[in-house]
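Observations on the three-dimensional arrangement
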Amino acid sequence: MLYINKMDRTDANFLKAMESVGEKLTGSNPVAVQLPLYRLGNDGQKNGSSGKNGSTTSLGTDIVAGTLFDPTPPSGNFIGLIDIVHMRALIYPPDAENLSIEDAIPTVVNLSSLEDTKSQPLQAALHARRVLIERLGELDETMGDLVLYAMDIEDTSECQVLKNISTSQIQSALRRMTLSRSIMPTMCGAALRGIGVEPVLDGVAEFLPCPLDRLPPQLSTCADSNRSRHGKQQNEKQTQSSAVTLGHPLHPSTLAYVFKVLHMKGRGGSGDGRVAFARVYSGTLKARDTVRVISPSGLVMNEDGGKNKKQKHPTERVGGMLELSGGQFNNLPEGRCLSGDVCALVGLKGVVTGDTLLLTSASTDTLPADQASGKKKKNKNGKNMDDHWKQYMEGVHLAGLTSPKPVLTLRIEANSSSEQSRLSAALALLTVEDPSLVVEETPTNTLISGLGELHMEIIVDRLRREFGLEVRTGKPAVAYRETVLFDGEEGVETDGLVEYDRTVGGVQLQGAVRLRLSPLTSFEGRCIPPEDPLVTLSPATRAFFNIDLHASSDETEHKYPPALRALLSGARGSLKRGRLGPYPLANMTCQILEVDSEMTTSPETVPGAMRAAVANAIATLLETLKNDGRLVVLEPKMTVEISVPMGRVGDVLSDLTSRRGTVDDVVVGDMGKDNSNAKSIVHAEVPLIEILGYANSLRSLTGGEGAFSAEYKGHAQL
């Protein structure tokens, strides 16, 4: 759905804006369901539009509507809009933004009952309604049949298409085509003045999908989250087949998703003011309910072992519920949130963004499918024990939130040692609100990492505004990575077992490791987000340590012998630092193929020997790859969109080239009346290191008229 805002601006052109969207957004297909309404001159309200709340059957002669055939809009004051679907005009009172809600209700004019049937707004609305029906008839089979049937009626006294197709039929066709993404209903207004806001909300309810129009969310059982990433394609199939069907709006069991966490002083009941914004997918969530908090990234196993392991999920009590109403947060009526609603929860101390909330017990109400079939499974206690109930009690969760890896690091420090503790506490709160922010604190430094220069500026600004902390910042550091240029899908192996035999502090450390590095994702010179290395064990290695060959490594790693845990720890630690610089490696799998060690030495020295042996094998292989020129550095790249005046495009393109940027596209802007408003949009890819401080350079190049936005795309070879 498209809303064209700021229609009260001079030279605002509804038709031109709609055409521009259709040209730039391929496949959007905007279709007008409203027309702007203007008052000629500046004489205030007249005739049938007195500005009082209610309805009337006439329009003043000074009120005209924008049309779909005249590219030049009327030169008047924007006062309202025409609803083409319901054939009515909404005329808003002057200064509606300063009035109360009751006084800002628009005057409604029913166009079908106008006394003057030749008035310009009525004729413009009839023409626009016919265009809307014809566009729908071209795309929707049902509406097409209605149009053909109406055209066959032999009555030329009036337009049969307009006469024989009802408002409800148009609404149904609009909804079907919007849900299929075939058209984009287009509305207009001036939000700052309060004009056209309510019809947008009505359009959301009429045209956009409700939860019943969509499939239930993809849920996974907690056991699915503990599978290894090894065999990725096979795991994806298993995830699809094991997905549960909870979360449907009509399902009785409560399932909610925390999509945002904020800290609001005086609101949250958890001491730090934590407020969790949640959407209830199914069931009902009430104040004082005890909920299980399931974090997809933090599932913890019990120590009892076995295939049917259960998860330890922390439980918390909902202290209160707030209603989201603009900028106001009032207590939710009756203290409950129904399926499909959004609310704010207070009193949850350990909830973070992306968590799934379940009640401590599933609903025993009959499922809709069982109601239809008359079946109801029960256990000895009479509770509902169907598959949904079992999965609910074992624990299910949504996919959660995946944040990109940080690409920029900034060193910050407080102005005084007394403020350092306040800074640490403030950063701890910000990391809860913003999962993409990473904080590393050492006795001498505090490093914050994020997704770009703007992200870091926002964090520093929030520390100043919200926490009253003035901090000093160092020079930003870009997060580089290293990877190996593989030959297709083939990996590289060490030359047999790499021996390690040294005596440290009078203790002999002996071991030998053979391993292979292979691509985790297909790189091939593309710009993609890096993935952390994955360490796997071959069957021979598992057999050496007497590990079950069929057990998942993630499920049993906590039960590995100390020597094997040390082997994995050493491999992961060695992959965190490359040979070309202090950069972590990425996009590769390290498989430990074979291990050999003399177990005659003291058992206490074996873990250290395994850690040192695998680190030595990885270092040896990386050094060989470095000498062969197959080890490369990856740098973060940003997708940049720059708005620049027409006369300065050449300067900006030359500057991007000097910054090692690649220009993808240049969209030439529309000329204004005196060519003063002509601007172009430049799309490019630029290394992050090259656009640090770019805002100042762009202002200098464009005389202060240029603006840009940057978004992280991925890492590419330096």
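For the structure, see preceding data.
Here is a short report on the structure shown in this document. These numbers come from a predicted model, not from an experiment.

Criteria and cut-off values
- Residues numbered from 1 in each chain as written.
- Predicted model: local features only at pLDDT ≥ 70, side-chain atom pairs only at ≥ 80, totals over all residues.
- Heavy atoms only, no water.
- Core = buried A, V, L, I, M, F, W, Y, C linked by side-chain atoms within 4.5 Å.
- Buried < 20%, exposed > 50% of the residue type's maximum accessible area, 1.4 Å probe, protein only.
- Helix = DSSP H or I, 4+ residues; strand = E, 2+ residues; numbered from the N terminus.
- Contact = heavy atoms within 4.5 Å.
- Salt bridge = Lys/Arg side-chain N within 4 Å of Asp/Glu carboxyl O.
- Patch = residues over 30% accessible without salt bridge, like charges linked within 9 Å, V, L, I, M, F, W, Y side chains within 5 Å.
- Areas by Shrake-Rupley, 256 points an atom, 1.4 Å probe, with all protein chains shown as cover.
- Lys, Arg positive; Asp, Glu negative; His and termini not counted.
- Charge placed at Lys NZ, Arg CZ, Asp CG, Glu CD.
- Axes fitted to C-alpha atoms, helices over the stretch in contact; angles between N-to-C directions.
- Left-handed = near helix turned anticlockwise from the far one by under 90°.
- Nonpolar A, V, L, I, M, F, W, Y, C, P; charged D, E, K, R; others polar.

Turning our eyes to something else, we now look at the nonpolar core. Of all hydrophobic cores here, the largest spans 37 residues; its most connected members are Leu 517, Leu 567 and Ile 592. Secondary structure elements with two or more residues in this core: strand 29 (498-504), strand 30 (507-519), strand 31 (534-537), helix 14 (562-574), strand 32 (588-596) and helix 15 (606-627). No other element matches the 11 residues that helix 15 contributes to this core. Sequence-distant contacts of Leu 517, defined by excluding residues within four places in its chain, comprise Phe 486, Gly 491, Val 492, Met 588, Thr 589, Cys 590, Leu 621, Leu 622 and Leu 625.

Think of it this way: side chains of opposite charge can pair up when their charged atoms draw near. A full pass over the atoms with the stated rule returns 21 salt bridges. The shortest N-O distance in the salt bridge between Asp 140 and Arg 176 comes to 2.7 Å. On the criterion of sequence distance, the pair formed by Asp 140 in the loop between helix 2 (120-139) and helix 3 (141-151) and Arg 176 in helix 5 (residues 167-179) is long-range, its members being 36 residues apart. Residue classification places Asp 140 among the buried positions, given a relative accessible area of 6%. Here Arg 579 and Glu 623 are joined by a salt bridge, their closest N and O atoms 2.9 Å apart. With Arg 579 in the loop between helix 14 and strand 32 and Glu 623 in helix 15, the pair connects residues that are 44 residues apart, well separated along the chain. Residue class for Arg 579 comes out partly exposed when judged on its relative accessible area of 36%. Overall, Glu 623 belongs to the partly exposed group, its relative accessible area being 27%. Salt bridges sharing common partners tie together Glu 493, Arg 514, Arg 516 and Glu 594.

Our focus in this paragraph is a negative patch on the surface. Together, Glu 499, Asp 501, Asp 596 and Glu 598 make up a negatively charged patch on the protein surface. As for its position among the elements, Glu 499 is in strand 29. Look at Glu 499 and you get exposed, because its relative accessible area is 54%.

What follows concerns the packing of helix 16 (residues 649-658) against helix 17 (residues 694-702). Where helix 16 contacts helix 17, the axes come no closer than 9 Å and their chain directions differ by 145 degrees. The interaxial crossing formed by helix 16 with helix 17 has right-handed handedness. Side by side, helix 16 and helix 17 meet where Asp 651, Val 652, Asp 655 and Leu 656 of the first sit next to Tyr 694, Leu 698, Leu 701 and Thr 702 of the second. Residues that form the contact of helix 16 with helix 17 fall into these classes: five nonpolar, one polar and two charged.

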